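Spelled out from the first residue to the last, the chains are:
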Amino acid sequence: MSGSSKINKIFPAAILLFVLFAVSSCKDSQSPGLEYMPDMYRSEARKAYVNYDYPDSITVRQPVAGTIPYSNSVQERFNNMPYPFPNTAEGYEAAGANLKNPLELNEATLAEGKRLYTNYCMMCHGENGKGDGILVQREKFPPPPSYISDQIINLPEGKMFHTVTFGKGLMGSHASQLTKIQRWKIIHYVQKLQQVEK
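Summarised in this report is the structure supplied together with it. (Residues numbered from 1 in each chain as written. Predicted model: local features only at pLDDT ≥ 70, side-chain atom pairs only at ≥ 80, totals over all residues. Heavy atoms only, no water.)

Points about the environment of N80
Within the element layout of this structure, N80 appears in helix 2 (residues 74-80). Relative accessible area serves as the criterion here: at 27%, N80 is assigned to the partly exposed category. Here the alpha-carbon distance between N80 and Y70, two residues ten residues apart in the chain, equals 8.3 Å. Filtering out sequence-adjacent residues up to four positions away, N80 remains in contact with I68 and P69. (Helix = DSSP H or I, 4+ residues; strand = E, 2+ residues; numbered from the N terminus. Buried < 20%, exposed > 50% of the residue type's maximum accessible area, 1.4 Å probe, protein only. Contact = heavy atoms within 4.5 Å.)

Spelled out as structure tokens, the structure:
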């Protein structure tokens, strides 16, 4: 076989290989083309807190019990701290003796306390805290004690906070609706109502 006939047979094969290479490399400028075992050098993207059903997955592990999330906000850190008094008679008394309102009493605190009171408390306790809210007027609930009654007027603010946190009597817990700081703002406003009504 002559040299020219060998070239004539190799040339079409070379052209075919060149065309195949050119076509396969023109798909996507971002594509690396064919890859050998790509998962060895480009790991699969994982999203946090998504259950991938892998037995060794660490994406859905829960924080250690008692972990407190950190925040740069002083208010958020305060809201995340655990409440130290249990929902017992002893816890109620201990809260009354040891808890003091950490918020400064000022116009902004009172204004926010009034707004929160209007949204969460007024329907039962009434506009002025006399236990004559709209639900009481419609006979949906019996009237709660007035804020200026002998039973409530000298109630320590720690007991008020404990009551809003856990509930007492027919009043349910408001811990899921109000942060600790919001509860303290309401207590400032309730104390203002008590002074006005004295």
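Examining the packing of aromatic side chains
All told, the structure shown has six aromatic pairs when counted by the stated rule. Considering the side-chain rings of Y83 and F161, the 5.6 Å spacing of their centres and the 40° angle between planes classify their relative orientation as tilted. Here the residue Y83 occupies a position in the loop between helix 2 and helix 3 (89-98), and F161 occupies one in helix 7 (residues 157-166), the gap between them amounting to 78 residues. Given a relative accessible area of 2%, F161 falls into the buried group. (Phe/Tyr/Trp six-rings, centres within 6.5 Å; stacked < 30°, edge-to-face > 60°.)

Observations regarding the packing of helix 3 against helix 7
One can describe the packing of helix 3 onto helix 7 by two numbers: an axis separation of 6 Å at closest approach and a directional angle of 135°. Comparing their axes, helix 7 and helix 3 come out oblique. As for how helix 3 packs across helix 7, the hand of that crossing is right-handed. Seen from helix 3, the contacting residues are G91, Y92, E93, A95 and G96; seen from helix 7, they are G158, K159, H162 and T163. Of the residues in the contact of helix 3 with helix 7, the class split is two nonpolar, five polar and two charged. (Axes fitted to C-alpha atoms, helices over the stretch in contact; angles between N-to-C directions. Parallel < 35°, antiparallel > 145°, perpendicular 65-115°, else oblique. Left-handed = near helix turned anticlockwise from the far one by under 90°. Nonpolar A, V, L, I, M, F, W, Y, C, P; charged D, E, K, R; others polar.)

Some thoughts on the side chain of E157
Looking at the element boundaries, E157 is found in helix 7. Within the buried core, E157 has no salt-bridge partner, and the shortest N-O distance to an opposite charge, that of K100, equals 5.3 Å. A distance of 3.1 Å separates polar atoms of two side chains, one belonging to E157 and the other to Q191. Excluding its chain neighbours within four sequence positions, the residues that come into contact with E157 are L99, K100, N101, W184, I187 and Q191. (Lys, Arg positive; Asp, Glu negative; His and termini not counted. Salt bridge = Lys/Arg side-chain N within 4 Å of Asp/Glu carboxyl O. Polar contact = N/O pair within 3.5 Å; in protein donor to acceptor, adjacent residues only side chain to side chain.)

Some remarks on a nonpolar patch on the surface
A cluster of nonpolar side chains, namely F11, I15, F18 and V19, defines an oily patch on the protein surface of about 410 Å² accessible area. Note on placement: V19 falls in helix 1 (residues 3-24). (Patch = residues over 30% accessible without salt bridge, like charges linked within 9 Å, V, L, I, M, F, W, Y side chains within 5 Å. Areas by Shrake-Rupley, 256 points an atom, 1.4 Å probe, with all protein chains shown as cover.)

Section: the side chain of R183
Turning to its location among the elements, R183 is positioned in helix 8 (residues 180-197). Apart from residues no more than four positions distant in its own chain, R183 is found in contact with F161, V164, T165, A175 and L178.

Some thoughts on the pattern of salt bridges
Scanning the model with the defined rule gives two salt bridges in all. For E112, the salt bridge goes to R115, with nearest N and O atoms at 2.7 Å. In this pair, E112 and R115 both sit in helix 4 (residues 107-120), three residues apart, roughly one turn of the helix.

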